[in-house]
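Topology and contacts: notes
One letter stands for each residue in the lines below.
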Amino acid sequence: MRDTNSLQNSHKRCVNLRKSNSGFSGSSMIIRLLILSIASTLPLGVAAQELTVYGSVRVGIRHIDQSGRVFVPSDDDDDRLPELDVFDNGGEWDMSDELSRLGFKGSEDLGNGLSAIYHYEFGVDSADGPTLGGAEKRLAYAGLKGNWGEVTMGTNWIPYYNAVGEAVDLFWGPFTANGYYEVAGLGNFEDDRSGNLIIYRSPDFGGLNLLGSIKTSADGGETGVDEYQLAATYDNGSLFLGTAFRELRKNSTVVAMEKKRAEEAGLCDGSAPALICAVKVKGNRQFGGSAGYRFDFGLSISGSAQKSDDDLLDDWTSYDLYSEYAFGNNVVRAAYFNAENDKGNEQETDGWIVGFDHSFSERTLFWVEYGDSDTKDRFNQREDVRSLSIGFKQDF
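An account of the accompanying structure is given in this report. (Residues numbered from 1 in each chain as written. Predicted model: local features only at pLDDT ≥ 70, side-chain atom pairs only at ≥ 80, totals over all residues. Heavy atoms only, no water.)

1. Describing the nonpolar core
Ranked by size, the top nonpolar core spans 25 residues in total, and within it Y160, Y161, V164, Y180, A244 and Y322 carry the most contacts. Contributing elements (two or more residues each) for this core: α3 (159–165), α4 (178–184), β8 (193–201) and β15 (330–341). Of the residues forming this core, the biggest block, four residues, is contributed by α3. Judged by nonpolar contacts, the second largest core, of six residues, contains V53, L102, F104 and V124. (Core = buried A, V, L, I, M, F, W, Y, C linked by side-chain atoms within 4.5 Å. Buried < 20%, exposed > 50% of the residue type's maximum accessible area, 1.4 Å probe, protein only. Helix = DSSP H or I, 4+ residues; strand = E, 2+ residues; numbered from the N terminus.)

Below you can see the structure in the form of structure tokens.
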């Protein structure tokens, strides 16, 4: 499900949330009172700063039909090999939240061209009820910005997503950029946002931006650094290009914990060594790129590709192809995606998505989308998923 603006507006959707606005026209009295009550608890110094309050209510109805076959343990004899079990849910209707959110962002002028910046955003469940308790923290960071660029710390969009995933993550429902998400979240990586991040973003060099980040270990780790990312994006208004690389360090908390678990289970005693003990783990690595172009007559096309290798059993590649055409207040979209593992179970997923949305205003949108995907592996397991999404979005 996408978190960013459509291609026809801009590819620079990285930190600014999709079509988020600061006004209140069309919002309900309950939301107004909620915002006022939160703002009233802020210190007076904060109220004097540049503060933007925004939100988006996104709710839809889904019909998901799943069928296929998977291996399950035998009921008759524990020693028997697993058997293939055929399943079919017959299709299910459900109301679902589609990434509703409420956010606060702003800055403070510190003088001499230096500003403090901050951003806090949490998810709200529009299907079961917009409650603050247990809300998902989507963004929570602060930092400094100047003519040298900006540095932020906290929970933020990862540079890898900015450069690789965002160009194709453009549908509203559950099916979107499935090739990207199938691979980007593998190997203990995050696929769009992450906590414990320190990010540097360069100034704009004629449309070129450079990004770098390190992810610190939540529990200290061996080096204090779990992961690093390097990315570059270019956008001249019509052409967009992006590329990124990231790696989980070989002595990171994640890999160290995996090896420790294997040692505690007695799998590294030499009798039957586990893979993580038998090989020299260099860490999980991913590399990806994206490109897109916006034509003057309303057509936009984009694509992304990536490769992931974790040194053990996985060697994944994926690609997504996306296109949209805008006419009047309407947009039609279509995409194709594929993800394949060349090692291990040799799993492969491919599928397609089509969609239509109509904007009643800058803040109000209605969408209909349909997607179909097929997943299979070398062991004859298979899953087919068909999804219909009908939804409504109201920004404020």
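2. Description of the side chain of S373
Within the secondary structure, S373 is located in strand β17 (residues 364–376). Judged by relative accessible area, which is 8%, S373 ranks as buried. Ignoring any residue separated from it by four or fewer positions in sequence, one finds S373 in contact with F175, F337, D350, G351, E383, D384 and V385. (Contact = heavy atoms within 4.5 Å.)

3. Re the side chain of S56
The residue S56 is located in strand β1 (residues 50–72) in this model. Of the polar contacts made by the side chain of S56, one reaches the side chain of R58; its length is 2.6 Å. A distance of 2.5 Å separates polar atoms of two side chains, one belonging to S56 and the other to D395. With near-sequence residues (within four places) excluded, S56 lies in contact with S100, R101, K393, Q394, D395 and F396. (Polar contact = N/O pair within 3.5 Å; in protein donor to acceptor, adjacent residues only side chain to side chain.)

4. Examining unusual backbone geometry
Within the chain, N112 stands out as a residue other than glycine whose phi angle is a positive 55°. Although it is not a glycine, N380 adopts a positive phi angle of roughly 70°. Turning to its location among the elements, N380 is positioned in the loop between β17 and β18 (382–395). Exposure remark for N380: the relative accessible area of 40% places this residue in the partly exposed category.

5. Some remarks on the packing of aromatic side chains
Enumeration according to the criterion identifies 14 aromatic pairs in this entry. Ring plane angle 80° and centroid distance 5.2 Å describe the contact between Y180 and Y181, whose orientation is recorded as edge-to-face. Across the pair, exposure class does not vary: Y180 and Y181 are buried alike. Through pairs of rings, three or more aromatic residues link up here, namely W157, Y160, Y161, Y180 and Y181. The ring of Y54 is capped by K105, whose NZ or CZ atom sits 5.3 Å from the centre of that ring. One residue, R246, lies across the ring of Y160, its end atom 4.1 Å from the ring centre. (Phe/Tyr/Trp six-rings, centres within 6.5 Å; stacked < 30°, edge-to-face > 60°. Lys NZ or Arg CZ within 6 Å of the ring centre and 35° of its normal.)

6. Quick notes on the pairing of β8
If a strand is regular, its side chains alternate between the two faces of the sheet. Bridge analysis of strand β7 (residues 149–157) against β8 gives seven bridges, and the strand direction is antiparallel. Paired with G154 across the two strands is L197, which belongs to β8. Pairing of β8 with strand β9 (residues 208–216), which is carried by five bridges, proceeds in the antiparallel orientation. If you follow I198 over to β9, its bridge partner there is I214. (Pairing = 2+ DSSP bridges.)

7. Considerations on empty space enclosed by the protein
According to the stated counting rule, one finds two cavities of 30 Å³ or more in the structure shown. Taken together, G173, P174, F175, I353, E369, Y370, G371, S387 and S389 make up the lining of the second largest cavity. Broken down by secondary-structure element, the contributors of at least two residues to the lining of the second largest cavity are β17 and β18. Looking at the lining of the second largest cavity element by element, the count peaks at three residues for β17. Across the lining of the second largest cavity, the residue classes tally to four nonpolar, four polar and one charged. (1 Å grid on protein atoms, 1.4 Å probe; cavity = no way out; pocket = protein on both sides within 12 Å on 5 of 7 lines; lining within 4 Å. Points joined across faces, edges and corners; volume = space filled by probe spheres on them. Nonpolar A, V, L, I, M, F, W, Y, C, P; charged D, E, K, R; others polar.)

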